[in-house]
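# Examination of the molecular architecture
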Amino acid sequence: MSIDIKKLNEEMRHAHPSEIIKKAIELGGDRPMVSTNFRPLEAVVLDMATKVKNDITVVWVDSGYMMPHTYAFAEKTIEQLKLNIDVYVPKITAARFGGDAAIPQAEQEEELVAFAEIFKLEPFRRALAEVNPSVWFTSLRQEQNQNRAAMDIFDMDSNGMLKCNPVFYWSEADMEAYVKENDLPDEKRYFDPTKPSLNHECGLHKSGFLK
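Scoring rules and cut-offs
- Residues numbered from 1 in each chain as written.
- Predicted model: local features only at pLDDT ≥ 70, side-chain atom pairs only at ≥ 80, totals over all residues.
- Heavy atoms only, no water.
- Helix = DSSP H or I, 4+ residues; strand = E, 2+ residues; numbered from the N terminus.
- Contact = heavy atoms within 4.5 Å.
- Salt bridge = Lys/Arg side-chain N within 4 Å of Asp/Glu carboxyl O.
- Buried < 20%, exposed > 50% of the residue type's maximum accessible area, 1.4 Å probe, protein only.

Residue position: Ile-103 is located in the loop between helix 5 (94-97) and helix 6 (109-131). Linking Ile-103 and Pro-196, residues 93 residues apart in sequence, is a C-alpha distance of 9.3 Å. For Ile-103, the residues in contact, after removing those within four places along its chain, are Tyr-65, Phe-115, Phe-191 and Pro-193.

Quick look at the structure:
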């Protein structure tokens with residue numbers, strides 16, 4: 001797949017996310033995938049993607065550390081949107097690893113990297129290998145933290161997989177308005193054990209994860 005990513009990002013900068021999703025599928029081929037962690041406002045991209053392709057593959061890496069509220073939100077969203085979802089889990093359970101007491105703190109950088117590898121990155125690499133998507137959709141937004149400021153709507157790995165962040169330039173207010181207008185489920189209570197601070201990245205969306 002040969003795509004001028006810089007030009008594509010310029011062309012789609014002001015497009016509606018739904019149009020961005022349609023464009024990505026048009027360019028990227030017949031194996032689109034959307035990832036989710038069921039954090040707040042995740043139903044937005046899931047709704048948009050399923051409205052473009054109702055059987056799109058949805059991948060959820062369930063670390064086993066999610067809050068009960070998150071699991072309830074996930075089940076409600078799966079049912080309401082009729083998601084075609086594949087759930088991937090770590091090779092070790094949270095309980096066996098040591099539960100909440102074993103989660104590294106923000107200052108334990110080496111331990112956090114190793115923890116994220118076990119509970120998020122390895123399961124997600126497994127998902128990519130099995131699903132083999134031609135397009136990967138995410139819910140990344142520029143305003144979420146400073147590490148994402150240099151990203152954009154589209155990126156591509158060396159194997160030709162197109163990565164698309166359709167709501168990249170949307171604000172939280174835009175997302176909340178979409179949830180309200182489309183009567184979507186949402187849940188504000190959320191915990192990600194691989195991100196002890198707002199500016200911490202687990203590695204999934206850092207340059208180098210897609211090679």
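Back to the write-up after that little detour.
With that settled, consider the pattern of salt bridges. Throughout the structure, instances matching the rule amount to 13 salt bridges. Residue Glu-26 pairs with Lys-23 through a salt bridge whose shortest N-O separation is 3.9 Å. Of this pair, Glu-26 and Lys-23 both sit in helix 2 (residues 17-28), 3 residues apart, roughly one helical turn. The class of Lys-23 is partly exposed, set by a relative accessible area of 25%. For Arg-141, the salt bridge identified is with Glu-143, shortest N-O distance 2.6 Å. Judged by its relative accessible area of 6%, Arg-141 is buried. By relative accessible area, Glu-143 is classed as partly exposed at 45%.

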